[in-house]
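# A look at the structure
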Amino acid sequence: MRHKVDGRLFGRPANQRKALLRGLVTALLDNQRIETTVAKAKETKRIAERMITFGIKGDLHSKRQVLSYVTDRTVASKLFNEIAPRFVGRNGGYLRLVQTRNRLKDSAPMAVLEFIDYEKIKKAKGKEKKEEKSEKKEKA
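Not measured: the values here are computed from a predicted model. (Residues numbered from 1 in each chain as written. Predicted model: local features only at pLDDT ≥ 70, side-chain atom pairs only at ≥ 80, totals over all residues. Heavy atoms only, no water.)

### Considerations on the sheet that holds strand β3 (residues 109-115)
Spatially, the 3 strands line up as an open sheet ordered β1-β3-β2, and their pairing is antiparallel. If you trace the sheet from one side to the other, it starts and ends with β1 (33-37) and β2 (95-102), each paired once. Strand-to-strand twist of the sheet, defined as the mean angle between neighbouring strand axes without regard to direction, takes the value 25°. Sheet analysis places β2 next to β3, joined by 6 bridges and oriented antiparallel. Residue pairing for β3: L97 is matched across the bridge by L113. Helix-sheet contacts for helix α1 (residues 14-31) involve β1, β2 and β3, and the interaxial angle to β1 is about 145°. (Pairing = 2+ DSSP bridges. Helix = DSSP H or I, 4+ residues; strand = E, 2+ residues; numbered from the N terminus. Axes fitted to C-alpha atoms, helices over the stretch in contact; angles between N-to-C directions. Contact = heavy atoms within 4.5 Å.)

### Considering a positive patch on the surface
Taken together, the side chains of K123, K125, K127, K129, K130, K133, K136, K137 and K139 define a basic patch exposed on the protein surface. Summarising the element assignment, K125 is placed in helix α5 (residues 118-139). (Patch = residues over 30% accessible without salt bridge, like charges linked within 9 Å, V, L, I, M, F, W, Y side chains within 5 Å. Areas by Shrake-Rupley, 256 points an atom, 1.4 Å probe, with all protein chains shown as cover. Salt bridge = Lys/Arg side-chain N within 4 Å of Asp/Glu carboxyl O. Lys, Arg positive; Asp, Glu negative; His and termini not counted. Charge placed at Lys NZ, Arg CZ, Asp CG, Glu CD.)

### Details of the nonpolar core
Of all hydrophobic cores here, the largest spans 25 residues; its most connected members are L29, M51, I52, V66 and L79. Put simply, the parts of the chain that give this core at least two residues each are α1, α2 (38-57), α3 (60-69), α4 (73-86) and β3. Apart from residues lying up to four places away in sequence, M51 is in contact with V25, V66, Y69, V70 and L79. (Core = buried A, V, L, I, M, F, W, Y, C linked by side-chain atoms within 4.5 Å. Buried < 20%, exposed > 50% of the residue type's maximum accessible area, 1.4 Å probe, protein only.)

### What about the side chain of E114?
On the secondary structure map, E114 appears in strand β3. What makes E114 buried here is its relative accessible area of 5%. Engagement of the side chain of E114 in a polar contact is seen with the side chain of R33, the distance being 3.4 Å. Those residues within four positions of E114 in sequence are excluded, and the remaining contacts are Q32, R33, Y94, L95, R96 and E119. (Polar contact = N/O pair within 3.5 Å; in protein donor to acceptor, adjacent residues only side chain to side chain.)

### Describing the packing of α3 against α4
Two numbers describe how α3 lies on α4: the axes approach to 10 Å, and their chain directions differ by 140°. Comparing their axes, α4 and α3 come out oblique. Where α3 crosses over α4, the handedness of that crossing is right-handed. Residues S62, K63, V66 and L67 of α3 pack against R73, A76, L79 and F80 of α4. Of the residues belonging to the contact of α3 with α4, the class tally is 5 nonpolar, 1 polar and 2 charged. (Parallel < 35°, antiparallel > 145°, perpendicular 65-115°, else oblique. Left-handed = near helix turned anticlockwise from the far one by under 90°. Nonpolar A, V, L, I, M, F, W, Y, C, P; charged D, E, K, R; others polar.)

### Section: the pairing of β3
Judged by how many residues are buried, β3 sits mostly within the fold: 6 of 7 residues are covered. By the bridge criterion, 5 bridges tie β1 to β3 in an arrangement that is antiparallel. Within β3, the residue paired with T36 across the bridge is A111. Remark: 6 residues form the turn of the hairpin made by β2 and β3, two consecutive strands paired antiparallel; S107 in that turn has positive phi of roughly 60°.

Listed below in structure tokens is the structure:
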């Protein structure tokens, strides 16, 4: 029995499991949204919310903690400069997990893991692209 044993093992050795989760967290912070299996999404959500909490604190120790886990320095700076300021007044619950479908090959349940304000960001980026296209047409 696994009483009080926390976390999922994914049938992998510890180093592969850590690399998998580090890659998923880095991809999530970089792209704001990822699609993966439900079990991987739940584990990724735990770690990513901790990283965002470090980002909100923003002190030197928090930066070192994030850099020890996130594999890309530009993603870490994006966390502290863009992502964390959006959630300053919020006590947790920065991510949304939406179960979507079953994968065709192995019928694994899939889920989308995204920030709770992803739709607002998506609309804002879409407006910027439309404005850039209209400016290019006016110049031509």
